[in-house]
Amino acid sequence: MLPAYLESTAPGGGRRPARARFGSDASVLSLDGQWRFHLAPSVAAAPAGMAAPDFDDSAWGLLPVPSSWPMHGHGRPAYTNVRYPFPVDPPHVPTENPTGDHRLAFELPADWPAGAAVLRLDGVDSCFVAWLNGHELGWGTGSRLPTEFDVGPLLRAGRNVLAVRVHQWSAASYLEDQDMWWLPGIFRQVALLARPAGAVDDIFVHADYDRRSGIGTLRIETDVPALVNSAELGVSGQPTGEPLPVGPVRPWSAEQPTLYDVTVTAGGERIALRVGFRTVAVVDGQLTVNGVPVLLRGVNRHEFHPELGRVVPAETMRTDLLLMKRHNINAVRTSHYPPTPAFLDLCDELGLWVVDECDLETHGFEPLGWRRNPSDDPQWGEAYLDRMRRMVERDKNHPSVIVWSLGNEAGIGVNHGLMADWTRSRDPGRPIHYEGDHECRYVDLYSRMYASHAEVDAIGRRAEPPLPDATLDARRRAMPFILCEYAHAMGNGPGGLSEYQELFERYPRCQGGFVWEWLDHGVRQRTPDGREYFAYGGDFGEPLHDGNFVIDGLVRPDRTPSPGLVELAAVFAPVGVDATPTGLRITNRYAVSDLSHLAFGWTIEVDGQPVAGGDLVVPPLGPGEAVDLPLSAAVTPAAMSGAVAGECWLTVRVVLAESQPWAAAGHEVAWGQVPLGEVTSSPQVAVPAPPARSRLSAGRRDQSTAARVRAGLLRIGAGHFDPSDGTLVGLGDVAFGSGPRLDVWRAPIDNDRFGAHADGGTPMEPLWRAIGLDRMSHRVLDVAPEADRLTVRTRVAPAATDLALLVSYAWTSSGAGLRLALDVLPEGEWPGPLPRLGVRLAVPAELDRVRWFGRGPGEAYVDSMRAARVGRFTATVDELQTPYVFPQENGHRIDTRWLRMTSSTGAGLRITGRPTFGFTARRWSSSELDRARHTHDLAAGTEVVVNLDLAQRGLGSGSCGPGVLPQHELPVAPASFQIELTALPATTAEPGEQPD
């Protein structure tokens, strides 16, 4: 027989009322540490009598608290996105219900004050019952919310025993289906709090700001009379309860997070508060803070650690927030539950706008047509209201929290109305969000997930399709619009960020949104031979799982930024640097700050080599202001005597002039580039011809084909070809493992695997595999050598179809190298776009030093290249790779003018675009990358596989959001592509560089 509380729709019993979390000088005893632990497979198998103080737990093991017990070898993690991993029969739960018993014997300090005390558990997943010294305290649900019990009369001098029984499944599990690992345990702090007689039990800080006068209004509500003091605000001994004008004050904002120290004293207890003055309101259809519309450059953030699960140490939280600030992120949605309280303290301190989301999601009912969804079932009403109440009461004093969210993907129903009504009555100073309320009955903000660019454009113009109810339609159309989720950052991506941001900046109604999501939720693992990798759904033998859909973040599990985060930083840049017909335009995109805290520097490069530089004087523009600056004589090509010939680019970097709490002086917050044309006054530096000692000597030019075939090879200039199929096998001293030939396949990215065609149709990977793009055959039609020219025609086609690409390779000598003109003509009716179009070749593994002039330094694709600047860059082949947790296409560098691949001696290969190309270079093929499921599946071979692309299809966001925009597709169409390959002898250097 199951305990009644396990299948009760009530939120708990025996608990104290919800209240604010605050720090004071009253005694606190942390109960974190090593607890005795026993895991049973079911409630029936759990040991009887374990709550008794004299229960013998000596045979039990130890488990740290806080912890998620599967991360410590007790059971296994399990991941599902939408589907419940148990039968959907609310409020019933499986009989096989892992039950973890926790026991802690602790000594009450000798100086612990007599009187009232509170036991607080900040987070227990998913349901628990607690005992102190054998007395049952009560039970609780709401995993990501605090539960408190009055325990003063039960405490004893000396030894005390706290016992907590935790069940993985309960009726509350139906409310916590939040696209994450299922990880039971006591995963947040446990503490004992002394409560002095007459002290404040709850406190509500109202700190409004008047933009016109600069005056703040401080009103602090307490449940007992108390006194307010603040030296910074000039307040001394003021009673709580009444509005108190102070200032002028500096308001709190995400850009300037000014906090004032305030104390509240009552009953011998001194409460320390950090107060930020700000007023949030929806005015004229815009979300404003302190009277100023805000543009949310946000991310969604789950709480996860690759080794500890739901337990996130304070230093990791700070790392997360510093990374966000350094990448121009200004907002966080706490998807899909209130975060660890310390996280909001950090948001107050460092400055981020926060949408605080209730611990609520019932997504698993959607595949069932929302049948029996608790959201519209009154018997669950108190559970819904309790979760909202506990979040609001806990977090109400944080200035960073500007919006309350009713939860996520829980359908819509009367219980959302209960939550909204209570919240408005308790805290009318913050608007309410809930994306699932499509008609906006209960909310103050119109929110959507993964709306396409076209939909956002229509909403920005207030031209979205009308609602049937004219009153609701008018109400919604007057609301600000926020994308609570967009740009799904799964694997390689997202693409299309720039186009979204352009819409946000064009339409005042569109106030930004939150990229999904911050972090890959990979679990750190090691192979038997010690190689590290990160596990995802299915790696722990789960019978039901959603694979690597939990690997969808902007940072890897170890908090290494992905190229997607670097791209996002460039898109979110708070300062615009753009070209004008006569110079530069500098735009301030901050909401509050002027530009006085920034420094501007310029550099001119020719062919990627710096030739001039200096400081740029920019006035301290106010928010939204812009200035046009002419190019002075100091930054023109005419001022650069002795510069090498080549493309000339002006780069402006915008950096912090002084250190901030989140970054040191010199940190780059924005940059921009302006092309200045070609520098042609200096002579071109010729690439040396191969030396006479070359083992593939150039020899003298022969006009007859027969004379040019030696040792079974066909010679064209410095190149050597297989006469049977026209494949290039060598160039100078460089031998090719396979010569350049057409390649249209890439290891599918997650957005290809799950994504949709631009018209919303078929996902790309199944379509490509059905066509056979991963298994193309090459049939030689003709090999036609001439004097200094070789033309090879092939038909490239997959089996079982009449589709084909007719390919012509035209090779001509260019002295020390070869020029290739590639022409592609499609045959047949192709049903979709190509993944890539270019050539693939293989070079010796020792050619692993890479230098290029083009966009870099990181990977870039046609719809994700804002972060890639034009310059000269170096890397090893290994450094070019992005080790996505689920291996896929990566490492592409776009708009390359020339590329060098050399050995340690400097010998190797130079490839020049006519005009540009994209490249990847790997120690494994695309097929090997395609077959890999984890990074440790990839093993270096004896060659480096190089792709030289005319184009690749964009990335899009199709794993959960819109596919690739039409302008970034790669349709099957006639195409031409030209490159030049030159063999490099040892110690060859580019103009302006020292030899390797």
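Rules behind the numbers
Residues numbered from 1 in each chain as written. Predicted model: local features only at pLDDT ≥ 70, side-chain atom pairs only at ≥ 80, totals over all residues. Heavy atoms only, no water. Helix = DSSP H or I, 4+ residues; strand = E, 2+ residues; numbered from the N terminus. Rg over C-alpha atoms; globule rule 2.2 N^0.38 Å. Buried < 20%, exposed > 50% of the residue type's maximum accessible area, 1.4 Å probe, protein only. Areas by Shrake-Rupley, 256 points an atom, 1.4 Å probe, with all protein chains shown as cover. Lys, Arg positive; Asp, Glu negative; His and termini not counted. Charge placed at Lys NZ, Arg CZ, Asp CG, Glu CD. Pairing = 2+ DSSP bridges. Axes fitted to C-alpha atoms, helices over the stretch in contact; angles between N-to-C directions. Phe/Tyr/Trp six-rings, centres within 6.5 Å; stacked < 30°, edge-to-face > 60°. Lys NZ or Arg CZ within 6 Å of the ring centre and 35° of its normal. Polar contact = N/O pair within 3.5 Å; in protein donor to acceptor, adjacent residues only side chain to side chain. Contact = heavy atoms within 4.5 Å. Salt bridge = Lys/Arg side-chain N within 4 Å of Asp/Glu carboxyl O. Parallel < 35°, antiparallel > 145°, perpendicular 65-115°, else oblique. Left-handed = near helix turned anticlockwise from the far one by under 90°. Arc of directions from axis to C-beta. Expected span 1.5 Å × (residues − 1). Disulfide = S-S within 2.5 Å.

K.L.:
Which residues make up the overall build of the chain, and what values do they have?
P.N.:
Of regular secondary structure, the chain possesses 12 helices and 62 strands. Here the chain has a C-alpha radius of gyration of 32 Å; the compact-globule value for 996 residues is 30 Å, and the two agree. The proportion of buried residues among the 996 residues of the chain is 60%. Summed over all atoms, the accessible surface of the chain reaches about 36200 Å², with 52% contributed by carbon and sulfur. Each charge class in the chain was averaged separately, 91 positive and 121 negative side chains, and the resulting centres sit 4 Å apart.

K.L.:
Provide a residue-level description of the sheet that holds strand 5 (residues 61-65), including the pertinent values.
P.N.:
The antiparallel open sheet is built from 7 strands, whose spatial order is 1-11-10-13-7-4-5. What marks the edges here is a single partner per strand, and that holds for strand 1 (12-13) and strand 5. When strand 1 meets strand 11 (residues 135-140), the two strands line up antiparallel, connected through 2 bridges. For Gly 12, the partnering residue across the bridge sits in strand 11 and is Gly 140.

K.L.:
Quick one: what's the story with the sheet that holds strand 18 (residues 203-209), residue by residue and with numbers?
P.N.:
Strands sit in the order 18-19-22 across an open sheet of 3 strands; the sheet is antiparallel. Two strands close off the open sheet at either side, each with one partner strand: strand 18 and strand 22 (244-246). Averaged over all pairs of adjacent strands, the angle between strand axes in this sheet comes to 25°, irrespective of strand direction. Relative to strand 19 (residues 216-222), strand 18 is paired through 7 bridges, and the arrangement is antiparallel. By the bridge assignment for strand 19, Phe 204 is matched with Glu 221.

K.L.:
Can you explain the packing of aromatic side chains? Please cite residues and give values.
P.N.:
In this structure the tally under the stated criterion is 27 aromatic pairs. Here the aromatic rings of Trp 852 and Phe 873 are separated by 5.6 Å at their centres, their planes lie at 40°, and the arrangement is tilted. One end of the pair, Trp 852, is in strand 57 (residues 849-856); the other, Phe 873, is in strand 58 (residues 869-876), with 21 residues separating them in the sequence. Site record: aromatic cluster; members linked through ring pairs are Tyr 84, Phe 86, Trp 169, Tyr 174, Trp 182 and Phe 365. Above the plane of the ring of Phe 886 lies Arg 753, whose end atom (NZ or CZ) is 4.3 Å from the centre. Directly above the ring of Phe 853 sits Arg 897, whose terminal nitrogen or CZ lies 5.7 Å from the centroid.

K.L.:
How would you sum up the side chain of His 433? Please name residues and give values.
P.N.:
Mapped onto the elements, His 433 comes out in strand 33 (residues 432-433). For His 433, a relative accessible area of 4% corresponds to the buried category. Within the structure, the side chain of His 433 is placed 2.9 Å from the side chain of Ser 447, a separation counted as a polar contact. Those residues in contact with His 433 that lie beyond four places of it in its chain are Arg 333, Glu 357, Val 403, Trp 404, Ser 405, Leu 406, Val 443, Leu 445, Ser 447 and Cys 484.

K.L.:
Can you lay out the pattern of salt bridges for me, pointing to particular residues and giving the numbers?
P.N.:
Applying the stated rule across the entire model yields 75 salt bridges. Across the pair Asp 122 and Arg 21 runs a salt bridge whose closest N-O atoms are separated by 2.8 Å. Of the two residues, Asp 122 is situated in the loop between strand 8 (117-121) and strand 9 (124-125) and Arg 21 in the loop between strand 1 and strand 2 (23-24); the sequence distance between them amounts to 101 residues. Taking the shortest distance from any N to any O, the salt bridge between Asp 202 and Lys 396 comes out at 2.9 Å. One end of the pair, Asp 202, is in the loop between strand 17 (190-194) and strand 18; the other, Lys 396, is in the loop between helix 3 (381-395) and strand 32 (401-405), and 194 residues separate them in sequence. Accessibility assignment for this pair places Asp 202 and Lys 396 in one class, buried. It is possible to trace a salt-bridge network through shared partners that takes in Arg 16, Arg 19, Arg 21, Arg 120, Asp 122, Glu 148, Asp 150 and Asp 201.

K.L.:
Break down the side chain of Glu 647 for me, with residues and values.
P.N.:
Relative to the helices and strands, Glu 647 is located in strand 44 (residues 646-656). Overall, the relative accessible area of 17% leaves Glu 647 in the buried class. A polar side-chain atom of Glu 647 sits 2.9 Å from a polar atom in the side chain of Trp 649. When neighbours within four sequence positions are excluded, Glu 647 is seen to be in contact with Glu 605, Val 606, Asp 607, Gly 677, Glu 678, Phe 853 and Arg 897.

K.L.:
So what's going on with the pairing of strand 8? Which residues, and what values?
P.N.:
In the case of a regular strand, side chains alternate between the two sheet surfaces. Counting buried residues along strand 8, 5 of its 5 residues qualify, which places the element largely inside the surrounding structure. Residue alternation in strand 8 divides its side chains into two sets, Ala 117, Leu 119 and Leu 121 and Val 118 and Arg 120, and both sets are buried. Across 5 bridges, strand 8 lies against strand 17 in antiparallel orientation. Across the sheet, the residue bridging to Leu 119 is Leu 192, located in strand 17. Sheet topology note: the strand 8/strand 12 (residues 147-150) ladder contains 4 bridges and is antiparallel. Its bridge partner being in strand 12, Leu 121 is matched across the sheet by Thr 147.

K.L.:
Before we move on, can you summarise the packing of helix 7 (residues 497-506) against helix 8 (residues 563-571) with the specific residues and values?
P.N.:
Running from N to C, helix 7 and helix 8 point in directions that differ by 25°, and their axes come no closer than 10 Å. Of the possible angle classes, the one that applies to helix 7 and helix 8 is roughly parallel. Crossing angle aside, the handedness with which helix 7 passes helix 8 is right-handed. Residues Leu 497, Ser 498 and Gln 501 of helix 7 form the contact with helix 8, whose own contacting residues are Gly 564, Glu 567, Leu 568 and Val 571.

K.L.:
Hey, could you go over helix 6 (residues 470-477) for me, with residue numbers and the actual values?
P.N.:
An α-helical turn contains 3.6 residues, so any two residues separated by three or four positions project in the same direction. Within helix 6, burial applies to Leu 472, Asp 473, Arg 476 and Arg 477. Each buried residue of helix 6 sits inside an arc of 130° when the element is viewed along its axis, so together they form one side. Exposed and oriented more than 90 degrees from the buried face of helix 6 are Ala 470 and Thr 471. The inward-facing, buried residues of helix 6 contact strand 34 (446-449).

K.L.:
With reference to specific residues and values, describe the environment of Gly 140.
P.N.:
Inspection of the secondary structure assignment puts Gly 140 in strand 11. Residue classification places Gly 140 among the buried residues on the basis of a relative accessible area of 0%. Ignoring sequence-local partners within four residues, the contact set of Gly 140 consists of Pro 11, Gly 12, Arg 15, Ser 126, Cys 127 and Phe 128.

K.L.:
Give me the lowdown on helix 1 (residues 314-326), citing residues and values where you can.
P.N.:
Given a rise of 1.5 Å per residue, 13 residues ought to cover 18 Å, and the 18 Å separating the end C-alpha atoms of helix 1 matches this to within 8%. Among all positions of helix 1, only Thr 316, Met 317, Asp 320, Leu 321, Leu 322, Leu 323, Met 324 and Lys 325 are buried. Against the buried residues of helix 1 lie strand 28 (296-300), strand 29 (331-333) and helix 2 (341-350).

K.L.:
So what's going on with the packing of helix 3 against helix 4 (residues 414-426)? Residues and values would help.
P.N.:
The N-to-C vectors of helix 3 and helix 4 enclose an angle of 30°; their axes lie 9 Å apart at closest approach. It follows that helix 3 is roughly parallel to helix 4 by the angle criterion. Between helix 3 and helix 4 lies a crossing whose hand is right-handed. The segment helix 3 lies against helix 4, with Gly 381, Tyr 384, Leu 385, Met 388, Arg 389, Val 392 and Glu 393 engaging Asn 415, His 416, Leu 418, Met 419, Trp 422, Thr 423 and Arg 426.

K.L.:
I'd like a rundown of the state of the cysteines, residues and numbers included.
P.N.:
Per the counting criterion, the structure on display carries 0 disulfides. As a non-bridged cysteine, Cys 347 has Cys 484 as the owner of its nearest cysteine sulfur, 18 Å distant. The structure places no disulfide on Cys 484, whose sulfur is separated from the nearest cysteine sulfur, that of Cys 960, by 11 Å. What makes Cys 484 buried here is its relative accessible area of 1%.

K.L.:
So, the pairing of strand 10 (residues 127-132): which residues are in play, and what are the values?
P.N.:
Of all 6 residues making up strand 10, 6 are buried, and the element is well covered by its neighbours. By the alternation rule, side chains of strand 10 split into Cys 127, Val 129 and Trp 131 and Phe 128, Ala 130 and Leu 132, which are all buried. With 6 bridges connecting them, strand 10 and strand 13 (residues 158-167) associate as antiparallel partners. Counted as the bridge partner of Cys 127 is His 167 from strand 13. Pairing of strand 10 with strand 11 involves 5 bridges; the strand directions are antiparallel. From the neighbouring strand, Ala 130 faces strand 11, where its bridge partner is Gly 138. The hairpin turn running from strand 10 into strand 11, its antiparallel successor, is 2 residues long, and Asn 133 in that turn takes a positive phi close to 50°.

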